[in-house]
Amino acid sequence: MDSKRRGFLKSAAMAAAGSMVLGDATFSLPVLGAADAPTDGDALTWNKAPCRFCGTGCHVQVGVHEGRVVAVAGDKAADVNKGLLCVKGYHVGGILYGEDRLTKPLLRKDGKLVPIEWDEAIDIIAKRIMDAPEKFAFYGSGQWTIPEGYAAQKLMKGGLSNNHIDPNARLCMASAVTGFLATYGVDEPAGCYADLDACDVLITWGNNPAEMHPVLFSRVTDRRSRGEKVRIIDISTRRTRTTDAANDYLEMDPHGDVAIALGIMNQLIESNSYDKDFVEKHCAFRSPESESPTLQGQAISEDEFRKRIAAYTPERVEELSGVPADQIRMLGKLFGQRDLRITSLWCMGMNQHTMGTAINSLVHGVHLLSGHFGRPGDAPTSLTGQPSACGTVREVGTLAHALPGGRLVAKPDHRAQCEGFWNLPAGRINATPGYHTVKMFDQFTLPTDEGGDINTLFVQVTNPGQTLPNLNKLFNDKEKLKDKFLIVSEVYPTATTQLADLILPAALWVEKNGIYGNSERRTQQWFKMVDPPGEARDDTWMTIAIAHRLLELGHEGMKDKDGEFIFAVKDDQGQEIPIWEFEHYYDTNVDKHLFEEYRQFTTMKHKNLAPYDEYVKARGLRWPVVQQDDGSWRETKFRFAGFDDPFVAEGKEFDFYHSTSGDGRAQIWFHDYQPPPEVPDEEYPMWLCTGRVLEHWHTGTMTRRLPQLNRAMPTAYVEMNLQDALAQNIRQGETVLIESRRGTTELPVWIDGRGRPPRGTVFVPFFDETKLINNCTLDEHDPFSKQPDYKKCAVRVRKLNEASS
Amino acid sequence: MPPPADDNHRRRKPTLNRRDLLHGRLWKLVRLPDRPSPVMRYPKTRDDVDNSASESKTAPPRSIGGIAIEPVRPTLFDESPPAKSFPIFRPPGAVEESQFLAGCTRCRDCSDACPHDAIVQAPERLGQVAGTPTIDADTNACLMCDGLPCITACKPGVLNHSLPKTIGTATITEHLCLAHHSTTCTVCSERCPTQGVIEVTDGKPTINEDQCTGCGVCRYVCPAPENAILLMPLFNRPSLPR
């Protein structure tokens, strides 16, 4: 190769993202400042960070020049994305620089927001808490970093003896948690993304990873383009971009997934093709109690299981799910083949479901019964939508009923352990679970004299004014209630700050230190790289500053057993560092102190974490991370399987060491099909499904401020079937009114667009704050997880002129 | 790093033929990582389009073994040389550039008529072109609306309903296109106002240049870090009889 050609190849490769020609030292495709494309010896400093958006947990390389993020590239050293990013990921650096960043605390006085000083803001919050500590609630997020969530958790449960702390993740993956708990006795997937590199069959259950987790989906489609055979089976209520890549598309009616899972188990039993050896050694059967069912359920015999499952013949399943009986038989046969590797993926389709716990347990059950478990490529894997839904919410346990490390407030020994770790007097932690999300906002928007016993609500890192279901009931009523006080920590004005009484400007992403935990148990750390704008400050700092102000006001809960501040951080000389003063907050690494304290909690459920400094070196590590004899730290890819999990005893093939039955067995559940809470009728004849789009992340507060993404997807829309549109004489692009029993919203129609719903179904994304579809959705929720069902309710579509007449 | 999927040249297994071997072209055996296959692109002209349409009807040029034996067309010295102008995006239905410059009164009626604010005045620095209507897809793309009100509004008739509505051609720069880098992106094909122009196969878009009107919507919406749509104005437009 002559030098000219080599030069050409090099420049061509530089231009191409994700090329292998150059080593890890250079990165291509900068997002901002394209003219300063990173080359050797340029003025940029590069550092790693997980992407701010979804639960995939891709790593990006962030290029900083003179205190400003000027470039973003996929991180080739990262195992999750191997240098690849999705459409949003390339733009993640731009989220810091929207024009309307909040930079000053704002207090609502006589209906107007006026700038105030931080000291006053912290003082107002502390005094409101001091007045009625039990009426204070903290609403957080799966976008909280681990230290942010841990600090909030400690302030509430360890300091205020108040369990009214819940995260938006309740709306997102609570049913996945209950599914894992009911089946394995411990939360989070056994497998990991490596399953996608090894599976022969990928089943997407009401899941659209091509748009929502594109980097993961490309791991599968790339294998195909390399000539490998991967069969993709898409089970869904509408055609999506995932369907475009699927070999089989099984169109089900809403709630049909429950029947399909039961049908597969029926076929495995009928044809006697289930994995008898695996079931006999490692599984037990369970069903919910007939009266007041619990997550524990009751043991049933295999015969009893056979008897009940016998009712779900392919023909019956066809009736319930709309999927032809032959297709159910096909799935049954597929799972009966032991030589295949089958990975199931799901996300909100199965979680935002009034039978969420049931369908999660049933899909685990299908994999257990068929023995498609515990080998690379054989796994039931749930995906999360938020970057730290797993790391912060599920592991730190920032839920109304939970304590860190998989503990529960209801269990005396768990409370005692936490009081021990936190050095608190016995009995400090309240034994009664607090309000879960729907209940919390119900109580907040209910007038005090009618029993609404939450009067101060602190919202961090999330946007409930857009994401709560049935907004008119759960959020919008706040406006009329003058004695209720809403505090919102945000980076941009949102639907939530519209009703806020006090707005705190927050630091975002690489403007602060952070640690996230992604969908595959990977804990990922990053450092602060640039200063936040104006007076924006870290969320962890806010929590600690409020706690310290409470201490000054004399709140006894802010002291531990020895009279020390519960968030005290000491320097090498034993002097307390005043981290509650922001100018001293970065005198030390508060994240590291909190993380090292939190680590102690993680061993009970065998979710062992490595020391903070190990995460500084790695692009994330998957727990359990255990120390080897040589002092190094080893992550775990496959849990419960003897070949990889360090907690499975030597010589054992499998061990479900947190089994709810205490005998090392996983539970195969039986749940009867139940119809959805609201079905279309004459008055409201259409199904409404809501969800996300590729270009925007969640409520769009960040992505809608990026011009390129906003041009690519400027508005929410309603996807309609052509026949439905023709029947109502609705034209492409026409604005229509979507009405449910709870509210309305106006949206332009997109026929045969990106998603193609069947007749009688419409789909609306929820990212657009100018078109709030959650005015229409339902607040019915799963009985175990309390997660609402955003995926199905009854609506009608009306032309605007008809609606106005 | 999984090689971002398939152009045809990468899917094919690298092979050597005898001639390659004799010339020592062993590098052909190396499977190259993802790189754009170099494509020389020429702007499309109206004449090309017309020829390609008529070619199918008439006999192909005579050739022996692939070498054309048609006589070379003599140079006609009495033909006036084409007026010097540079290609610029004009609204749909614009006449040949010298006629356009002569006829356009810079009255701005067409930009006033445009419901999408896509037609703007060419800036001062463009000399004789300054003040004439043009379209910059980076700011606002032409949506080729029904009835084309810009043409109807044009009193001097330099925009004319009888002329083709094509204003240029879009092509995809593959090494910049995210769909060619293994991620899902289908925005250009979804928003293209002319049906069937942008087709997606295996998740990757291709533009049918013969049908593309050059409206620039795809360039306007492309979310790639560096815009993956290359938009070229028509070089030659048909004239109207004087």
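Residues numbered from 1 in each chain as written. Chains lettered and ligands numbered in written order. Predicted model: local features only at pLDDT ≥ 70, side-chain atom pairs only at ≥ 80, totals over all residues. Heavy atoms only, no water.

## Focus on the overall build of chain B
- A count of helices and strands for chain B gives eight helices and eight strands.
- Looking at chain B as a whole, 42% of its 242 residues are labelled buried.
- Nonlocal contacts in chain B, meaning residues at least 24 apart in sequence, comprise 68% of its contacts between residues at least 6 apart.
- When the accessible area of chain B is evaluated, it comes to approximately 14,100 Å², of which 54% is carbon and sulfur surface. (Helix = DSSP H or I, 4+ residues; strand = E, 2+ residues; numbered from the N terminus. Buried < 20%, exposed > 50% of the residue type's maximum accessible area, 1.4 Å probe, protein only. Contact = heavy atoms within 4.5 Å. Areas by Shrake-Rupley, 256 points an atom, 1.4 Å probe, with all protein chains shown as cover.)

## Comments concerning unusual backbone geometry
All names here are of chain A.
- Cis geometry is found at the peptide bond from Trp 623 to Pro 624, where omega equals -5°.
- Relative to the assigned elements, Pro 624 resides in the loop between β22 (621–622) and β23 (626–627).
- Backbone geometry at Asn 470 places phi at a positive 45°, although glycine is not the residue there.
- By the secondary structure assignment, Asn 470 is in the loop between α19 (464–467) and α20 (471–474).

## As for the packing of helix α4 (residues 174–184) of chain A against helix α15 (residues 356–370) of chain A
All names here are of chain A.
- Contact geometry of α4 with α15 gives a least axis separation of 8 Å together with a crossing angle of 45°. With respect to α15, the element α4 is oriented oblique. The handedness of the crossing between α4 and α15 is right-handed. For the pair α4 and α15, the contacting residues are Ser 175, Ala 176, Thr 178, Gly 179, Phe 180, Ala 182, Thr 183 and Tyr 184 in the first and Gly 356, Thr 357, Asn 360, Ser 361, His 364 and Leu 368 in the second.
- For the contact of α4 with α15, the class distribution of residues is five nonpolar, nine polar and no charged. (Axes fitted to C-alpha atoms, helices over the stretch in contact; angles between N-to-C directions. Parallel < 35°, antiparallel > 145°, perpendicular 65-115°, else oblique. Left-handed = near helix turned anticlockwise from the far one by under 90°. Nonpolar A, V, L, I, M, F, W, Y, C, P; charged D, E, K, R; others polar.)

## Quick notes on the domain arrangement of chain A
All names here are of chain A.
- On domain assignment, one finds that chain A holds domain 1 (3–97), domain 2 (106–172 + 389–585), domain 3 (174–382) and domain 4 (686–804).
- Domain 1 puts 23 residues into the contact, and the matching count from domain 2 is 17 residues.
- Of the roughly 1,700 Å² buried at the junction of domain 1 and domain 2 (both faces included), carbon and sulfur atoms supply 61%.
- Of all residues in domain 1, the largest losses of buried area upon contact with domain 2 belong to Pro 50, Arg 52 and Leu 96, amounting jointly to 37% of the total for that side.
- At the junction of domain 1 with domain 2, the criterion picks out one salt bridge.
- One salt bridge in this structure joins Arg 522 and Asp 79, with 3.2 Å as the shortest N-O distance.
- Of all the elements in the fold, those that place two or more residues in the side of domain 1 that touches domain 2 are β1 (45–50), β2 (59–65) and β3 (68–74).
- Its residues placed into classes, the side of domain 1 that touches domain 2 shows 12 nonpolar, seven polar and four charged. (Domains from an automatic or database assignment. Buried area = accessible area lost by both parts, 1.4 Å probe. Salt bridge = Lys/Arg side-chain N within 4 Å of Asp/Glu carboxyl O.)

## Brief notes about the packing of aromatic side chains
Residues and elements named next belong to chain A.
- Enumeration according to the criterion identifies 37 aromatic pairs over all chains in this entry.
- Taken together, a centroid distance of 5.9 Å and an interplanar angle of 70° make the contact between Phe 565 and Phe 567 edge-to-face. Both residues of the pair, Phe 565 and Phe 567, count as buried.
- Among the aromatic side chains, those forming a connected cluster through ring pairs are Tyr 150, Phe 421, Trp 422, Phe 527, Phe 595, Tyr 598, Phe 601, Tyr 612 and Tyr 615.
- Over the ring of Tyr 492 we find Arg 101; its NZ or CZ atom is 5.9 Å from the centre of that ring.
- Between Arg 238 and the ring centre of Phe 763, over which it is positioned, the NZ or CZ distance is 3.5 Å. (Phe/Tyr/Trp six-rings, centres within 6.5 Å; stacked < 30°, edge-to-face > 60°. Lys NZ or Arg CZ within 6 Å of the ring centre and 35° of its normal.)

## Description of a negative patch on the surface
Residue and element names in this part refer to chain A.
- Taken together, the side chains of Asp 119, Glu 581, Glu 583 and Asp 587 make up a negatively charged region of the molecular surface.
- Assignment of secondary structure puts Asp 119 in helix α2 (residues 118–131).
- Classification of Asp 119 as exposed rests on a relative accessible area of 65%. (Patch = residues over 30% accessible without salt bridge, like charges linked within 9 Å, V, L, I, M, F, W, Y side chains within 5 Å. Lys, Arg positive; Asp, Glu negative; His and termini not counted. Charge placed at Lys NZ, Arg CZ, Asp CG, Glu CD.)

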